[in-house]
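What follows is each chain in one-letter form.
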Amino acid sequence: MTDQHDQRLREMTFKLMNMAPKAPPFPETPVTTLKPQKTPEVQGIPPRTRTWSGLAVAAAAFGLALLIALPVVLLNRGDTPPANPTTTVPPTTTLIPTPPVATDVTLYFLADYVEDSNVPGPLLVAVHREVEVVSTDSPPQSAFNAMAAAIVELLSGPGDSDAALVPGISTSIPAGTELLGYTVDNTRAQGPGRATLDLSADFEAGGGSFSMMGRLAQLVYTATQFAEIDEVEFQIEGEPVAVFSAEGIVLDGPQTRDDYTGILPLILVESPLPGAVVSSPITIAGISNTFEANLQYRLETRGGSVIASGFTTATCGTGCWGDYAVAFDYGLAERTDGYVVVFESSAEDGRPVNVVRVPVVIEAAEGATGSPTAVFAELPGGAPLDGSTVVASPLMITGRAEGATEISVDGATVPVTDDFFEANVVLTPGRNEIVVGDGVTATVFEVTYVPGGTVEFAFLRRVAADEIAADYAQWLTGEEANRAAVEDGEIAAGESLPNDYYIRNQNPQLRTLPVASDFAVMLPTPAFGSVEVTAVTPAEWLAMFQPDGSPWNAGACDQPDGPVCAEPHFGYFGAGEVGFGYWLTLDADGTVLQVVGQYRP
Amino acid sequence: MLEMTDEEIYRKYADDLVRFATGVVGPFDAPDVVTDACLHAFGGKAWPTVTNHRAYLYRSVLNQARSHHRSTLRRRVREMRAALPEQTGLNEADLDVLAAVDKLSVQQRATVVLTYWEDLAPAQVAARLGISEGSVKRHLARARSRLKELLDD
């Protein structure tokens, strides 16, 4: 390395650092802010249905420029051409034209579709629509584009396919109403995301307070389906609306979903939408205001045979509106047309009321009601039960089976209490199949039992396809962890560890362990707010240890000519060691059968 | 002692973090990387116990940068070259720098930034990144050799 290189590298670094942009605003929520496609003062140009694209903006602008230029040229035909070209094409905001992408959105119309409804009259109903949206690198910008496309579709009213799925579907929005413009305030960091919709004068046409409330509700619900938008302000022909229409509806401030609950059925289903093709597991979600927030659901064939059923609770009820979402598995031999039915049991006589019936196509699936929704065992590192190797028998299994009172685990009937069950399963050496089920449909877990085996927590200093050099350490939790940390001087007496774990590595002795040819690798994948453990192939895992310039383990790994060890980048701020620690499952001969990475918060 | 809110802490270090992130992922993605890193940091279980916020956030940004898709920088440079300088605000020399930076690994870029922008000695760089001094020197050597073309002309 020369001094000149050093100086050049310094200059280059300075150049790079000076390109740094301004810091973004303080991130309050996991949703970033929306930016209007044009400058904040200028309204967006409403998209053409199905043909909205960045090119259209440029084309429109260019067309406008031509329109100005053309008369001048025509006038001068036969004479000398005009001295200067009249206009230039304004630069587009996108550097590369992006073709529109088909996107699913929800539109809100009205229909009298709820059976035994406690609320009379046509009520809000959600239907599916596919629109074409310019997608961008920025998800908030894409949501902004999708909102505009959805509103334009809403204004064009329900179509024949909507009417076939929801008989009697209608809209309160007068035909011919146009979206003249829209903006979204870049205020999400400081408060709710607000969309301002500018509509043509037709929007106020007609009469009847229900019709007026209905059309406002349709727009508010359609716009607020996107997480980035919480409220809507209305303008008519560019003027903000304080009092809407001849009915004199006062709009005091931005409108939210809460302002229009009078148009809602007591159970609104927003997923699945009419006509959807559903498969197992299926999620039912929406808004409701039922007695004690209780909801019942059924998955039925067209003829009324029940495929699956259950119940769930919304976040609020008995006079207040809440959200609900429930996912469940079902079993079905052949694809069929059917319904997702959501209702509540009447507080008076228990009969179904506020029944919403959503026509769907139900895919074939394995599974049945009462099937366990989660089955796990306390395996080190959080390895999933299925496909794991264990060294102790009997194995304690716990699980969750919603809506069941008992369940069969490995042939024995086990009670289910508060949706939870546990059982001790005796394993035979080698491959075991643990079957958990309700007697009709079973979930099978494959567990390999290696008697005489051991499980060790270790740091890996070197990995290769046929052997691992491991430095055993201790993974402590709870009181034991606190005591050890105090002993080692990591925390003061009386303090406790922030994450309830402590790693003690007192013996740096390396052990070289042979690796089974088919050993399994599980690695934690930290998702925001939770950790999942997923299997990777040994080859993929070994590839993570190829040189990428980020060696994690200092010391033994850090030799110029030595073998490479670089661990995946999930770095943690623990004392001493960085990178994963691993749980190694060894057979009686000390061959590594399974490697599970330990997530360190 | 008065405790700072997350927002105050963020405001104090945000510009530095974005600049550091620029050195590690380039100017286009730096703000997103910082936002994501800070969200993870503020929301994490360890945050209330952290005393050295600056170091913690730096490491968060570095971790976040690692998971960032590296090919973005290459594509952006291509796009930028095809566009007009007035639109992008970057001249040819700047683009050459970005193209060169793209040749380095995240760890190498971080080492370069800490060495040349923050003027840290190898031992300090090693402490900041959680690696050995030997690694730091190796990274710098590799960075220089990969940038030989750019640095030579």
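Please read these numbers as outputs of a predicted model, since none were measured by experiment. (Residues numbered from 1 in each chain as written. Chains lettered and ligands numbered in written order. Predicted model: local features only at pLDDT ≥ 70, side-chain atom pairs only at ≥ 80, totals over all residues.)

## Remarks on the environment of Ala-14 of chain B
Then step 1. Structurally, Ala-14 of chain B can be placed in helix α1 (residues 6-25).
Then step 2. Separated by 43 residues in sequence, Ala-14 of chain B and Leu-57 of chain B place their C-alpha atoms 9.5 Å apart. (Helix = DSSP H or I, 4+ residues; strand = E, 2+ residues; numbered from the N terminus.)

## As for the nonpolar core
Residues and elements named next belong to chain A.
Then step 1. The biggest cluster of nonpolar side chains holds 80 residues, and the ones touching the most others in it are Leu-124, Val-125, Met-147, Ile-151, Leu-197 and Val-342.
Then step 2. Residue contributions to this core peak at ten residues, all from helix α3 (residues 139-155).
Then step 3. Residue contributions to this core reach at least three from each of two domains, namely domain 1 (100-263) and domain 2 (267-362).
Then step 4. Residue contacts for Leu-197: discarding those within four places in its chain leaves Ile-151, Leu-179, Tyr-182, Leu-219, Ala-223, Val-232, Phe-234 and Gln-235.
Then step 5. Core analysis: the next-biggest nonpolar cluster, separate from the first, contains 43 residues, Ala-383, Val-391, Leu-395 and Val-416 among them. (Core = buried A, V, L, I, M, F, W, Y, C linked by C-beta atoms within 7 Å. Buried ≥ 20, exposed ≤ 12 C-beta atoms within 10 Å, placed from the backbone. Domains from an automatic or database assignment. Contact = placed C-beta atoms within 7 Å.)

## Overview of unusual backbone geometry
All names here are of chain A.
Then step 1. Cis geometry marks the peptide bond from Ser-271 to Pro-272, where omega comes out at 0°.
Then step 2. Its location among the elements puts Pro-272 in the loop between β9 (267-271) and β10 (277-278).
Then step 3. Here the amide bond leading from Ser-280 into Pro-281 is cis, since omega sits at -5°, within 30 degrees of zero.
Then step 4. Looking at where Pro-281 falls in the secondary structure, it is placed in the loop between β10 and β11 (282-288).
Then step 5. One non-glycine residue, Asp-116, adopts positive backbone phi at about 55°.
Then step 6. In this fold, Asp-116 is placed in the loop between β1 (100-111) and β2 (123-134).
Then step 7. Using a count of 12 C-beta atoms within 10 Å as the deciding quantity, one classes Asp-116 as exposed.
Then step 8. Backbone geometry at Thr-318 places phi at a positive 50°, although glycine is not the residue there.
Then step 9. As for its position among the elements, Thr-318 is in the loop between β13 (306-313) and β14 (322-328).

## Some points on helix α9 (residues 133-146) of chain B
Residues and elements named next belong to chain B.
Then step 1. The end-to-end C-alpha distance of α9, which contains 14 residues, comes to 20 Å, matching closely the 20 Å that a straight helix rising 1.5 Å per residue would cover.
Then step 2. Ser-135, Val-136, His-139, Leu-140 and Ala-143 are the residues of α9 that are buried. Buried residues of α9, viewed axially, fall in a sector of 135°; they line one side. Opposite the buried face of α9, by more than 90 degrees, sit the exposed residues Ala-141 and Ser-145.
Then step 3. Packed against the buried residues of α9 are α7 (106-117) and α8 (122-129). (Expected span 1.5 Å × (residues − 1). Arc of directions from axis to C-beta.)

## Points about the packing of helix α1 (residues 3-17) of chain A against α7 of chain B
Then step 1. Here α1 of chain A crosses α7 of chain B at 100°, and the two axes come no closer than 9 Å. Relative to α7 of chain B, α1 of chain A is oriented roughly perpendicular. From α1 of chain A, Leu-9, Arg-10, Thr-13 and Met-17 of chain A reach across to α7 of chain B, where they touch Val-112, Val-113, Tyr-116 and Trp-117 of chain B.
Then step 2. Considered class by class, the residues forming the contact of α1 of chain A with α7 of chain B number six nonpolar, one polar and one charged. (Axes fitted to C-alpha atoms, helices over the stretch in contact; angles between N-to-C directions. Parallel < 35°, antiparallel > 145°, perpendicular 65-115°, else oblique. Nonpolar A, V, L, I, M, F, W, Y, C, P; charged D, E, K, R; others polar.)

## Concerning the packing of α1 of chain B against helix α3 (residues 53-66) of chain B
All names here are of chain B.
Then step 1. Interhelical geometry of α1 versus α3 gives an angle of 35° and a closest axis separation of 10 Å. When you trace α1 past α3, the crossing you get is right-handed. The segment α1 lies against α3, with Ile-9, Tyr-13, Leu-17, Phe-20, Ala-21, Val-24 and Val-25 engaging His-53, Arg-54, Leu-57, Tyr-58, Val-61, Leu-62 and Ala-65.
Then step 2. Among the residues making up the contact of α1 with α3, the classes are represented as twelve nonpolar, one polar and one charged. (Left-handed = near helix turned anticlockwise from the far one by under 90°.)

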